[in-house]
Amino acid sequence: MIVGTAGHIDHGKTALIKALTGVDADRLKEEKARGITIDLGYAFAPLPNGEVLGFIDVPGHERFVHNMLAGATGIDFVLLVIAADDGPMPQTREHLEIVDLLGISHGAVALTKIDRVEAARVAEVQAEIEQLLAGTMLAGSPVFPVSSINGDGIEALRAHLESTAAIRRSHADDGNFRLAVDRCFTLTGSGTVVTGTVFAGRVQVGDKLLVSPSGKEVRVRSIHAQNRASESGQAGQRCALNLAGVEKKDIARGDWVLAPAVHAPTQRLDVRIKLPATARRALRHWTPVHLHVGAADVLGRVSLLEGTTVEPGAQALAQLVLDQPVGSLRGDRFILRDQSAQFTLAGGVVLDPFAPARKVRTLARLALLRAVEHPSARAALEALLDSSTAGVDLDWFARSGNLRREVAESLYAGLPMVVVNIASGHRHGFTPACWTALQQAVLDVLAAEHKREPELLGLEARRLRRLATPDLAWELFTALIEQLLGEQRLRRHGPWLHLAS
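Residues numbered from 1 in each chain as written. Predicted model: local features only at pLDDT ≥ 70, side-chain atom pairs only at ≥ 80, totals over all residues. Heavy atoms only, no water.

Visitor: Help me understand the packing of aromatic side chains in this model?
Guide: The geometry of an aromatic ring pair is captured by the separation of the ring centres together with the interplanar angle, meaning the angle of the planes. Tallying each qualifying case throughout the model produces four aromatic pairs. One Lys or Arg, Arg 178, reaches over the ring of Trp 256 and ends 4.1 Å from the middle of that ring. The ring of Phe 343 is capped by Arg 280, whose NZ or CZ atom sits 4.3 Å from the centre of that ring. (Phe/Tyr/Trp six-rings, centres within 6.5 Å; stacked < 30°, edge-to-face > 60°. Lys NZ or Arg CZ within 6 Å of the ring centre and 35° of its normal.)

So this is what it looks like as structure tokens:
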């Protein structure tokens, strides 16, 4: 389990992690000199069951929210830190808002610096915290009064984290490997090392991967998973990968290290966005934004697909048009901040990472996006098949949802589905009823044409497609015709197609 801190500056996040783990997560000279956290810090604590608990310490200053977001998108459990003397402060509220928009529902509150106040003040702030969390995904989370100075409450908080980690369901590792890079450095005698949170899949020493979006090939020399030397790493862990084939200057925070099968940089993402109820104003079409996804911070604009504004507390489908490519996939959570990076606008989830530039607001396109919102791959594919008369691109579905080949094939085999192969190598799926209806539409059009013009031999293929199946791609229409010809339900004479009768 990866625990991330959140909270206002100087509320004791770094001191709390040191009390829990013995590790000072502030590693920069400037952090030591100024006494504040500027960039992400990391610490690890072994658990009684042999596993390791990872901590990401984030900055609390409003100027460094972009650094906070680079760590927040990969955490499993949030530790909201609130000082007893101050109580909830502006960055407490903004961090809580971000955590809520990212859909992080597991967490606890550390009420720090209780050694500085009277018991009555502790009770007063606890009441404020209960009110603060109401209506968020952290509502009802336990509150632990602690002091990092004298150790009061630290053991109770540690025990809660350990018990939560022991019962948490392990991350599924059936996707292709994806690691969001949040640090890159050079070690003497080792070479380039990247660290980050593993979003999906497994990696082993010797694996050949790609840096995305650049596409540079790398090989994994060695791995540290949860701060321990290991032969492998997996989803839900923080890993350090020693990479051959790349120099430090060629990789940076925001890049991905991933399996070649999911290297597909994109600059258009179709998404579901949600504005917090406390948003300062409505979000308008074509608003310039900072997109924070994985560890990346990319400029772009929001193209609304439903209406021209989204009011505070409301949701909408939208397309993000980015200034540079990112390596995002379906299901990735993200945060949008304003153009000047001063405040949070919205959060959301990626639905289609390979969004088209045209026909983005059609009823068919919006139906596709609503179908892929289903939480499981099977439910999403079933909804897509039911809602589409033009077929589902199975290769797009597997890549956008990060399904390994064998997992995808097992899913396809378990559904009643007609799979059509086309010349480009792509496969499309149809429900049997849909495929039968498309065939019948072709036969019906030809029958009507024969009746209308009995002296003509039939129809040319492209005109037949326009009349019978205008939404079907030409390659799929060709496959449909070939099947009907093979079954001798159609005949061909030169360019003309006609009924066998």
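Visitor: Can you help me understand the side chain of Ser 400 in this one?
Guide: Among the secondary structure elements, Ser 400 is positioned in helix α9 (residues 394-400). Overall, Ser 400 belongs to the buried group, its relative accessible area being 0%. Looking at Ser 400, its side chain comes within polar contact range of the side chain of Arg 330, at 2.6 Å. A distance of 2.8 Å separates the side chain of Ser 400 from the backbone oxygen of Trp 396, its partner in a polar contact. Excluding its chain neighbours within four sequence positions, the residues that come into contact with Ser 400 are Leu 329, Arg 330, Pro 353 and Phe 354. (Helix = DSSP H or I, 4+ residues; strand = E, 2+ residues; numbered from the N terminus. Buried < 20%, exposed > 50% of the residue type's maximum accessible area, 1.4 Å probe, protein only. Polar contact = N/O pair within 3.5 Å; in protein donor to acceptor, adjacent residues only side chain to side chain. Contact = heavy atoms within 4.5 Å.)

Visitor: Please clarify how the packing of helix α7 (residues 363-371) against helix α8 (residues 377-387) should be interpreted in this entry.
Guide: Helix-helix packing is described using two parameters, namely the angle between the two axes and the distance between the axes. Axis separation between α7 and α8 bottoms out at 8 Å; the angle between their running directions is 160°. Regarding the angle of α7 to α8, the classification is roughly antiparallel. Every pair of crossing elements has a handedness; the one defined by α7 and α8 is right-handed. When α7 is examined against α8, the residues Ala 367, Leu 368 and Ala 371 are found in contact with a partner set consisting of Ala 380, Ala 383, Leu 384 and Ser 387. Grouping the amino acids of the contact of α7 with α8 by side-chain chemistry returns six nonpolar, one polar and no charged. (Axes fitted to C-alpha atoms, helices over the stretch in contact; angles between N-to-C directions. Parallel < 35°, antiparallel > 145°, perpendicular 65-115°, else oblique. Left-handed = near helix turned anticlockwise from the far one by under 90°. Nonpolar A, V, L, I, M, F, W, Y, C, P; charged D, E, K, R; others polar.)

Visitor: What exactly am I supposed to notice about the environment of Leu 47 here?
Guide: Tracing the backbone through its elements, the reader meets Leu 47 in the loop between β2 (41-46) and β3 (52-57). Among the residues examined, Leu 47 registers a relative accessible area of 12% and is labelled buried. Apart from residues lying up to four places away in sequence, Leu 47 is in contact with Val 52, Leu 53, Glu 162 and Ala 165.

Visitor: Got a minute to help me understand the sheet that holds strand β24 (residues 392-393) in this structure?
Guide: Ordered by their spatial adjacency, three strands build an open sheet running β24-β26-β25, and the pairing between neighbours is antiparallel. Where the open sheet ends on each side, the last strands, each with one partner, are β24 and β25 (418-421). By the bridge criterion, two bridges tie β24 to strand β26 (residues 427-430) in an arrangement that is antiparallel. Counterpart to Val 392 in the pairing with β26 is Gly 429. (Pairing = 2+ DSSP bridges.)

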